[in-house]
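Geometric and topological summary
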Amino acid sequence: ENMNQEILNNIIEKEVQKSSITSKDIPDLDLYMDQIMTLFDSHLANNKKNEDDKLLTKTMINNYSKSKVITQVKGKKYTKEQIQMLMIYQLKNNLSIQEIKDLLIPIYESNTDLSKLYDHFIEIKHSINQQLQKMIQQIIKDYQLDINQYHDLFLLIASLSTLSYSLNNIAESIIEEK
C-alpha cells in the first residue's frame, strides 16, 4: 500500500501529541500502587501502541524498587518522591534498568528537586517532538524520496530506524563515560 504525505503527517502528529504526566498531575498525598497505575493509564493512554498494552505494571514497579532504581517505598504507599517512576517510564524503552540506575543515582544523591528536573525534561521532550516533522521532511527533501514509492518509503523507514539506534547508542555511551 502506498504511503502518502497526509498519512505520514498523521503518524508524526500522533507521536508529537502523545501526552505526558507533569509533576503537577501527581497528588501531594501518598498513593497505593494501583492508584499510580491508574494515574499512568489515565494520563498516558495515548502512549500505548495497542489498547491492551500496559504502561506500568506491579511487576515493573517491584523490579524498580528491588533494584533500587526508585527509592524504597514507605509501607505500601508511594510518595511524590516516586516521580522517579515517571523518569524511568520515559527511559525504559531505550535503556536497561542498570543504565537507568547508573543515570539516576547521582541525581538522587545530590538531593535535586526531582519534580523540577522531570518537568524540565518534559519541556525539552515536547520541544524536540515539535521538530520531528521538520526533520523528517528534511530527510525526504535532502534524499529526494517519494514516499508514494515503496523503495523510497523503505529508505525513509530504514533511515529513521538507524537514526533511533544511533541516538540510543550515543545515550548509552554517555552513561558509560560519565
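The structure this text deals with has already been given above.
The following refers to the structure shown. (Residues numbered from 1 in each chain as written. Predicted model: local features only at pLDDT ≥ 70, side-chain atom pairs only at ≥ 80, totals over all residues. Heavy atoms only, no water.)

1. Describing the layout of surface pockets
- Approximately 2,500 Å³ is the volume attributed to the largest pocket.
- Lining the largest pocket are 50 residues, and of these Glu15, Gln90, Asn94, Lys125 and Asn129 sit closest to its centre.
- The residue makeup of the lining of the largest pocket, split by class, is 29 nonpolar, twelve polar and nine charged. (1 Å grid on protein atoms, 1.4 Å probe; cavity = no way out; pocket = protein on both sides within 12 Å on 5 of 7 lines; lining within 4 Å. Points joined across faces, edges and corners; volume = space filled by probe spheres on them. Nonpolar A, V, L, I, M, F, W, Y, C, P; charged D, E, K, R; others polar.)

2. Topic: the environment of Ile11
- One can find Ile11 in helix α1 (residues 5–16).
- Relative accessible area serves as the criterion here: at 47%, Ile11 is assigned to the partly exposed category.
- Taking the C-alpha atoms as reference points, Ile11 and Gln133, 122 residues apart in sequence, are found 9.9 Å from one another. (Helix = DSSP H or I, 4+ residues; strand = E, 2+ residues; numbered from the N terminus. Buried < 20%, exposed > 50% of the residue type's maximum accessible area, 1.4 Å probe, protein only.)

3. As for unusual backbone geometry
- For Asn111, which is not glycine, the phi torsion reads 55° and is therefore positive.
- Within the secondary structure, Asn111 sits in the loop between α5 (97–109) and α6 (114–142).
- Despite not being glycine, Gln144 has its phi angle at roughly 45°, a positive value.
- Residue placement: Gln144 occurs in the loop between α6 and α7 (150–177).
- Classification of Gln144 as exposed rests on a relative accessible area of 69%.

4. Looking at the packing of α1 against α6
- Axis separation between α1 and α6 bottoms out at 8 Å; the angle between their running directions is 150°. Relative to α6, the element α1 is oriented roughly antiparallel. Relative to α6, α1 is oriented so that their crossing is right-handed. Along the contact surface, α1 presents Gln5, Leu8, Asn9, Ile12, Glu15 and Val16, while α6 presents Asn129, Gln130, Leu132, Gln133, Ile136, Gln137 and Ile140. (Axes fitted to C-alpha atoms, helices over the stretch in contact; angles between N-to-C directions. Parallel < 35°, antiparallel > 145°, perpendicular 65-115°, else oblique. Left-handed = near helix turned anticlockwise from the far one by under 90°. Contact = heavy atoms within 4.5 Å.)

5. Considering the packing of α6 against α7
- Contact pair α6 / α7: the axes reach a minimum separation of 11 Å and the direction vectors enclose 130°. Overall, the two elements α6 and α7 adopt an arrangement that is oblique. α7 is crossed by α6, and the crossing has right-handed handedness. Residues Met135, Ile136, Ile139 and Ile140 of α6 pack against Leu156, Leu160 and Leu163 of α7.

6. Quick word on the pattern of salt bridges
- Following the criterion strictly, the structure yields two salt bridges and no others.
- The residue Lys18 makes a salt bridge to Glu15 at a minimum N-O spacing of 3.0 Å.
- In this structure Glu15 comes out as partly exposed when scored by relative accessible area, which is 34%. (Salt bridge = Lys/Arg side-chain N within 4 Å of Asp/Glu carboxyl O.)

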